[in-house]
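In case you want the letters, here they are:
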Amino acid sequence: MSPSGITLADVLAVLDADGPSSEPVTAGEVAAELGCGRRTAREALDELAARDGVESKEVADGVRVWWTTDRDLRRYEAIVETVNDGIYVKDEDNRFTLVNETFAEMVGYPTEDLVGRDSSFLVSEEVMAAAEEIYRDLLTGDDRTETVEATMETADGESFEAEASFAVIPGEGDEHERVGVVRDVTERKERERRLERQNERLESFASMLAHELRNPVQIGQIYSERLPADADAEAVGYVADAFDRIDDVIDVLLVLARGQDAVGDAEPVPLDAAAREAWDAVDASAGSLTVATDRVVRANETYLRHFLENLFENAVEHGSTSPRSQAREDAVEHGSTSRRPQTDDAVEHGTGDRSDDEVTVTVGELPSGFYVADDGFGIPPEDRETVFEAGYTTAASSGGTGVGLTFVRDLAEVYDWECSLTESETGGARFEFTDVTFCADE
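Keep in mind it's a predicted model, so treat the numbers as computed, not measured. Per chain, the residues get numbers from 1 upward, laid out in the order the sequence is written. Local features in a predicted model are, by the rule used here, given only for residues with pLDDT of at least 70; side-chain atom pairs are given and counted only at 80 or more, and totals for whole chains, interfaces and linings are based on all residues. To obtain the side-chain values, all non-hydrogen atoms of the structure were included, while hydrogens and water were left out.

Visitor: Explain the nonpolar core here, please?
Guide: Membership of the largest hydrophobic core comes to 42 residues, with the highest contact counts inside it found for L304, F307, L308, F312, W417, F431 and F433. Note on conventions: DSSP H or I runs of at least 4 residues are helices, E runs of at least 2 residues are strands, and numbering of each starts at the N terminus. Only α11 (271-281), β9 (287-292), β10 (296-299), α12 (301-316), β12 (359-366), β13 (369-374), α13 (404-414) and β15 (429-434) provide two or more residues apiece to this core. Apart from the residues within four sequence positions on either side, W417 is in contact with V297, L304, F307, F370, A412, F433, T434, D435, V436 and T437. Counting residues in hydrophobic clusters, the runner-up holds 25 residues, among them F96, V99, L122 and V148. Only buried residues count toward a nonpolar core. Its members are Ala, Val, Leu, Ile, Met, Phe, Trp, Tyr and Cys residues joined through side-chain atoms within 4.5 Å. Relative accessibility under 20% of the residue-type maximum defines a buried residue, over 50% an exposed one, and the middle range a partly exposed one, all with a 1.4 Å probe and only protein chains included. Contacts are residue-level and defined by heavy atoms, with any inter-residue pair within 4.5 Å sufficient.

Visitor: Could you clarify how one ought to interpret the packing of aromatic side chains in this entry?
Guide: Centre-to-centre distance and the angle between the planes together describe a pair of aromatic rings. In summary, the pairing rule links any two rings of Phe, Tyr or Trp, Trp by its six-membered ring, whose centres are within 6.5 Å, and it sorts them by plane angle into stacked for under 30 degrees, edge-to-face for over 60 and tilted for everything else. One pass over the full model with this rule turns up 14 aromatic pairs. With centroids separated by 5.3 Å and ring planes inclined at 85°, the aromatic side chains of Y109 and F121 adopt a geometry described as edge-to-face. Taken together, the residues span a long stretch of sequence, with Y109 in the loop between α5 (101-107) and α6 (111-114) and F121 in the loop between α6 and α7 (125-139) at a distance of 12 residues. Judged by its relative accessible area of 19%, Y109 falls in the buried class. Summarising the aromatic geometry, the rings of F370 and W417 are spaced 5.7 Å apart at their centres and angled 85° between planes, so their arrangement reads as edge-to-face. Highlighted residues: F370 in strand β13 and W417 in the loop between α13 and β14 (418-423), separated in sequence by 47 residues. Just as F370 is buried, W417 falls in that class too. Aromatic rings pair up to connect F307, F370, Y415, W417 and F433 into one cluster. The criterion for a charge sitting over a ring is simple: Lys NZ or Arg CZ within 6 Å of the ring centre, and within 35 degrees of the ring normal. Sitting over the face of the ring of F121, R117 holds its NZ or CZ atom 3.7 Å from the ring centroid. The ring centre of Y371 lies 3.8 Å from the NZ or CZ of R430, which sits over that ring.

Here's what the structure looks like:
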């Protein structure tokens, strides 16, 4: 507050009396309004002019006027000039009426060369037509939020890939202005193309590898079945199991690389039968299986069995059956060292009497799907996303590849199932799959 008792806010209130933009006034008029000296009013006006929102100019010898500007407009203009996206405003004839510095730098033209010029010289006719359609929809009240991707030409003849979104500013009557926000996405598009090329190479490699391995594996399987009766039965069994395992890995590899293209057509598959077949393929001498569903799933039978095998192996082979006295590092795919007591559920498969270190795996129903749960160590919340990542394993030293749960996630995505991981009632891991298509639901 000045010695006269007049504050800058008092002076600004006089200037803003007619709204955010005022008519020019002299120092004498302000002094008369506030009842202060002319010199006091002038000093306050000069100080306001040094700040944002008040303009001043001399209109005659010794006569100066002050007025306020639209501070909201100036604030928006400052924002437009400081954002990293290009912003422009066009009239109904597609002539630029405003462009920010970022947009001018994107296209390589000075701002003054763009304002007043038709925007069609920067993009193709197809892009102009797409933008025109969006503007029309916006004018009719359709709040479209989609973007248009375009290749834009710069002043030096080069091009860049852009992504634009639009809005309209209604004016008087039928008049309006068209706003565009443009982002340079050249680097992002190049990353996407590189990733696509890498995926194509991965798919090609996986297909080639599968093709090259199928024949020798099939030959090995055939000849292992023709070995003489006096051959070492145990050795023959190991050889046959090894060939079967390689065949299974080929199927898993193809799903990881090719997704839906590898799976083929879906068919009705009883979930309980698939679970029992998968359990028989797992080394579950220290475990038991409970199946509590008779639902029939639409899936590929072979891949559904692989899917369940990976979940069962995760529970049985990767730490859930380790003695509770072992250290945490001995637990592989599961996380915590806590182990909940075994439930008294009926066991349909497995060893019957269970020791303290056995695990029970349960396949049960959900309203829109099914779950696979165990009473093993469980997986800590902070690891429940990581375990699905390709290559993630804590059992590399014992042959773990880190693709089992990745395959589970990818196959769920192929069938549009929602996959989630939580804790079972007994403290183990519980994998839930929802939005599953059952034959009775069709």
